[in-house]
Amino acid sequence: MQISGVVALVTGANGGIGSHFVEQLLNLGVAKIYVCARSLGKLNPLVSLDPARVFPIELDVTNPQSVAAAATQCQDLRLVINNAGTSLNQGLIAASDIDSARAEMEVNYFGMLSMCRAFAPILKQNGGGAIVNLLSLLGKVNLPFSGSYSASKAAAISMTQGVRAELAAQGILVVGVMPGTVDTELAKEWPNPKVAPAEVARAALQAVIDDVEDVYPGEQATQVSAQLLSDPKGAEKYMAGFLPGMVLAGTDA
Ligand SMILES: NC(=O)c1ccc[n+]([C@@H]2O[C@H](COP(=O)([O-])OP(=O)(O)OC[C@H]3O[C@@H](n4cnc5c(N)ncnc54)[C@H](OP(=O)(O)O)[C@@H]3O)[C@@H](O)[C@H]2O)c1
């Protein structure tokens, strides 16, 4: 799909990867971008990039009224980037309760699903388009200290496949983006290697342009996703050996 001239929306636009999506979409010539964040004040630096094309929207993806209000405001969309996500860095067993697991599921699974449900009809009415879901390699294989995040991303990977199947006949491309560890605030306690957030945004937007459904940005994601096909147990054991703060050779950030 051609990105130049379309209207796009980015959730979690103030975040590490989200802000790179906004900058790169502007460089690719979008007509307009709705930049979304839980707090409008966090969007000022993005609006100042190009006030004629960047429109701030307050959006909490876990709040159905907030999602519905955003959909009402953005009827001209062709490209939705579901980037908002959270990791509370808890083990499945080590966590003191399951509150953090529920919170991650609310944002990473139910929030993303709500966005797909609210915006797919808008893309259909505009003749088709693309939905880009920020998933994770960790939806396919676990680190030992963020298991509930992995479970939420696994649910989101399954949901992305299902949404793709439902929307295929409506001219809507559904892209799943599965980076390994990215060099952002969300992963500040996670071990290297880390891919640069700009590279994640670039690879995801290139997938939209090339009509590619699944993308694994960065060296770690490329290698581990290949190993998951050839040696899934080896990939599981490799990731299970990571500890917070570990530095391994082969950093690709
Ligand atoms: N960093 C990694 O290693 C990594 C790897 C694979 C995939 N990802 C995925 O990439 C996406 C972007 O993450 P990032 O690394 O750029 O992290 P980040 O810098 O922490 O950004 C996350 C963004 O999501 C927003 N957000 C969180 N909860 C939200 C909610 N309920 N409603 C709306 N927005 C919400 C945050 O807003 P606030 O500023 O208000 O908190 C922030 O803008 C996430 O989906 C993440 O899971 C990240």
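Just above sits the structure.
Source: prediction; values computed, not measured. (Residues numbered from 1 in each chain as written. Predicted model: local features only at pLDDT ≥ 70, side-chain atom pairs only at ≥ 80, totals over all residues. Heavy atoms only, no water.)

A. Highlighting the side chain of Ser 19. Following the sequence through the fold, Ser 19 ends up in helix H1 (residues 16-27). Owing to a relative accessible area of 18%, Ser 19 belongs among the buried residues under this scheme. Excluding residues within four positions of it along the chain, Ser 19 makes contact with Ala 13 and Leu 46. (Helix = DSSP H or I, 4+ residues; strand = E, 2+ residues; numbered from the N terminus. Buried < 20%, exposed > 50% of the residue type's maximum accessible area, 1.4 Å probe, protein only. Contact = heavy atoms within 4.5 Å.)

B. View of the environment of Gln 170. In this fold, Gln 170 is placed in the loop between helix H5 (147-167) and strand S6 (172-177). Classification of Gln 170 by relative accessible area gives partly exposed; the value is 27%. In the structure, Gln 170 is positioned 12 residues away from Val 182 in sequence and 32 Å away in space, judged by C-alpha atoms. Excluding anything up to four places from it in sequence, Gln 170 contacts Lys 124 and Gly 128.

C. Representation of the pattern of salt bridges in the model. Within this structure, the stated rule accounts for seven salt bridges. Arg 164 serves as the salt-bridge partner of Glu 213, at 3.8 Å between the closest nitrogen and oxygen. You can see Glu 213 sitting in the loop between helix H6 (197-210) and strand S7 (214-215) and its partner Arg 164 sitting in helix H5, a full 49 residues away along the chain. You can call Arg 164 buried: its relative accessible area is 12%. Salt bridges linked by common partners bring Arg 164, Glu 213 and Asp 214 together as one network. (Salt bridge = Lys/Arg side-chain N within 4 Å of Asp/Glu carboxyl O.)

D. Representation of the site of the ligand. Neighbouring the ligand are 28 residues, the closest being Asn 14, Arg 38, Tyr 149, Val 182 and Thr 184. Within the backbone of Gly 15, a nitrogen or oxygen atom sits 3.3 Å from an oxygen atom of the ligand. Tyr 149 has a polar side-chain atom sitting 2.7 Å from an oxygen atom of the ligand. When the ligand sits alone it has 890 Å² of accessible area, and the protein chains cover 92% of it. Mapped onto the shell around the ligand, the elements with two or more residues apiece are H1 and H5. (Near = heavy atom within 4 Å. Polar contact = N/O pair within 3.5 Å; in protein donor to acceptor, adjacent residues only side chain to side chain. Areas by Shrake-Rupley, 256 points an atom, 1.4 Å probe, with all protein chains shown as cover.)

E. Structural view of the sheet that holds strand S2 (residues 32-37). Strand order across the open sheet formed by seven strands is S3-S2-S1-S4-S5-S6-S7, with parallel pairing between neighbours. What marks the edges here is a single partner per strand, and that holds for strand S3 (54-58) and S7. Two elements, strand S4 (residues 79-82) and strand S5 (residues 129-134), share four bridges in a ladder whose sense is parallel. Bridging from a neighbouring strand, Asn 82 pairs with Asn 133 of S5. (Pairing = 2+ DSSP bridges.)

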